[in-house]
Amino acid sequence: MERANSPIYIYADNAATTRLSDVARAAMLPYLGDSFSNPGGIHRYARAAAKAVASARATCAACLGANPREVFFTSGGTESDVWALAGCARAARLAGVTPLTIITSAIEHHAVLNTCKSLEQDGCRIVVLPVDAEGFVSPTDLEAALQRAAEDGTMDGSLLVSIMHANNEVGTVQDISTLSRVAHEHGALFHTDAVQAAGHIPCKVDELGADLLSVSGHKFHGPTGTGLLYIKSGTPITPLITGGAQQWGMRAGTENVAGVVGMAAALEEAVANMDVRAARVGSARRRITDAVLAACPGVIATGPRDAARRLPSIASFICPDVDAELLMVILDQDGIAAATGSACSAGSTEPSHVTAALGYTDPALARGTLRLSLAGDITEAEIAYLCEHVPACIRCAQATSGGDPRNISLFGASV
Ligand code: PLP
């Protein structure tokens, strides 16, 4: 990693993407070399590739408590989310039960929110539920929205609830089993975007009560450009990508053999080491959060206070009167890769829709978001470094907000 003025460089942006694990890389290598082949063929090379894909599917299914026939490989979390929503909307249209009403939350990833906007233009009804100050969707609000939909005369099979399992900016973990139960009581399908949850916290489809569940490989040390959509058997959904007969005609396109093999190896490794990693990152997150709050008066820790109801790896803050992009530059120069919030909003000066939904609409607060997302192999030296340097960088950004980052002096060195 490139280092600027710092003797150390810590990657604390794992919610954006993670380093490919050695286990995943080793599993992939044969399929990037001599074991190349299209799994759709009949010859022995093709059969070997098809076997690798089937084995990856079985591994992913076991990690999620699903049947392999319910696991469909995609190009990532975005495709899985779009497929879940657009595929259900089309199936409802074809079955003549339109309009589909989609009930979602205000803190979903843009893959869900922008797809809802686009489906609204196609005639779907969209209901966006608010969240409380810690990012939780209330089951009572969901119940009320489902009841209103029933009063508006929705037909059987025309309700879909899509609520994310874990939020990518503030780490809130929703009570998915309760929300899915409420949805099912009203005859709705339930989709959850588990992109930040899978491999990090328990994620079994039956326990969650999900009909559809999105996963992305690069969030748990698998390769970028890999993902899957779990579709419970019997769920009415049409394909999103049409073409060849791959994946039982549900998702066309030659399978990314090395990719799915790597994703499966990474997911298996993440699930096997989940408890140990969660304990380590959870303790690191608490120490870093305490250090920031002690040294930076006015800074607010966002997301749930109860550690059991948040992702162990994400620490998120609002730093009043700080320009988040300036803070990113200062942190980077000091050897820390962090994020302002969702990776997809990098480069945009728009305040995050997530912090706004949590109630932080004052511009002096909304601009100053900071997210540190930690990896399970974080070392004691790295934790100590973050505890010392993150607060110092925030104070530096507070002191220089509105100034030119090139004139900033940190720990005696000009950055
Ligand atoms: N959903 C959530 C909650 C995410 O955090 C992300 C990526 O950051 C996505 C969906 C999109 O996943 P991908 O990058 O695999 O398309």
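Before reading further, recall that the structure is shown in the block above.
About the criteria used
Residues numbered from 1 in each chain as written. Predicted model: local features only at pLDDT ≥ 70, side-chain atom pairs only at ≥ 80, totals over all residues. Heavy atoms only, no water. 1 Å grid on protein atoms, 1.4 Å probe; cavity = no way out; pocket = protein on both sides within 12 Å on 5 of 7 lines; lining within 4 Å. Points joined across faces, edges and corners; volume = space filled by probe spheres on them. Helix = DSSP H or I, 4+ residues; strand = E, 2+ residues; numbered from the N terminus. Expected span 1.5 Å × (residues − 1). Buried < 20%, exposed > 50% of the residue type's maximum accessible area, 1.4 Å probe, protein only. Arc of directions from axis to C-beta. Contact = heavy atoms within 4.5 Å. Pairing = 2+ DSSP bridges. Axes fitted to C-alpha atoms, helices over the stretch in contact; angles between N-to-C directions. Polar contact = N/O pair within 3.5 Å; in protein donor to acceptor, adjacent residues only side chain to side chain. Parallel < 35°, antiparallel > 145°, perpendicular 65-115°, else oblique. Left-handed = near helix turned anticlockwise from the far one by under 90°. Nonpolar A, V, L, I, M, F, W, Y, C, P; charged D, E, K, R; others polar.

**Notes on empty space enclosed by the protein**
To find leftover empty space, a probe the size of one water molecule is rolled over the atoms. Scanning the model with the defined rule gives three cavities of 30 Å³ or more in all. Taken as a whole, the largest cavity spans an internal volume of roughly 160 Å³. Forming the boundary of the largest cavity are 16 residues, of which G199, H200, R277, V281 and G376 lie nearest the centre. The dominant element in the lining of the largest cavity, judged by the number of residues it contributes, is helix α9 (residues 274-295), at four residues.

**Considering helix α5 (residues 139-151)**
Between its first and last C-alpha, α5 extends 18 Å over 13 residues, near the 18 Å set by a 1.5 Å rise per residue. Among all positions in α5, only L142, A145, L146 and A149 are buried. One side of α5 holds all its buried residues, which, seen down the axis, span an arc of 100 degrees. Along α5, the residues that are exposed and aim more than 90 degrees away from the buried face are T140 and E151. Packing partners of the buried residues in α5 comprise β3 (101-105), β4 (125-129), β5 (159-162) and α6 (176-185). Positive phi appears at G153, one or two residues downstream of α5, with a value of about 85 degrees.

**Some remarks on the sheet that holds strand β2 (residues 71-74)**
Spatial strand order, β2-β8-β7-β6-β5-β3-β4: seven strands in an open sheet with mixed pairing. Whereas interior strands pair on both sides, the edge strands pair on one side only; in this sheet they are β2 and β4. Along the sheet, successive strands turn relative to each other by an average axial angle of 20 degrees, direction set aside. Here five bridges tie strand β7 (residues 212-216) to strand β8 (residues 227-231), and the two strands are oriented antiparallel to one another. Across the sheet, the residue bridging to V215 is L228, located in β8. Relative to the sheet, helix α2 (residues 44-64) contacts β2, β7 and β8, its axis offset from that of β2 by approximately 115 degrees.

**Quick word on the pairing of strand β10 (residues 314-318)**
Most of β10 is tucked away, with five of its five residues classed as buried. Of the two faces of β10, both are covered, the one formed by I314, S316 and I318 as well as the one formed by A315 and F317. Summarising the sheet, strand β9 (residues 300-301) and β10 pair through two bridges and their orientation is antiparallel. Across the sheet, the residue bridging to A301 is F317, located in β10. By the bridge criterion, five bridges tie β10 to strand β12 (residues 369-373) in an arrangement that is antiparallel. Its bridge partner lying in β12, F317 is registered against L370.

**Observations concerning the side chain of S80**
Among the structural elements, S80 can be located in helix α3 (residues 77-94). Within the structure, S80 has its side chain in polar contact with the backbone oxygen of G76 (distance 3.1 Å). At 2.9 Å, the side chain of S80 forms a polar contact with the backbone oxygen of L228. Excluding residues within four positions of it along the chain, S80 makes contact with T74, S214, V215, G227, L228 and L229.

**With respect to the pairing of β2**
Of the two faces of β2, both are covered, the one formed by V71 and F73 as well as the one formed by F72 and T74. Sheet topology note: the β2/β8 ladder contains four bridges and is antiparallel. In the strand pairing of β8, V71 is matched with Y230.

**A short note on the packing of α2 against helix α8 (residues 257-272)**
Helix-helix packing: each pair is described by the crossing angle between the helix axes and the interaxial distance. For the pair α2 and α8, interaxial distance at closest approach is 9 Å and the crossing angle is 30 degrees. Relative to α8, the element α2 is oriented roughly parallel. For α2 against α8, the interelement crossing comes out left-handed. Across from A49, A52, V53, A56, T59, C60 and C63 in α2, the residues of α8 making contact are V257, V260, V261, M263, A264, L267, E268 and V271. Of the residues belonging to the contact of α2 with α8, the class tally is 13 nonpolar, one polar and one charged.

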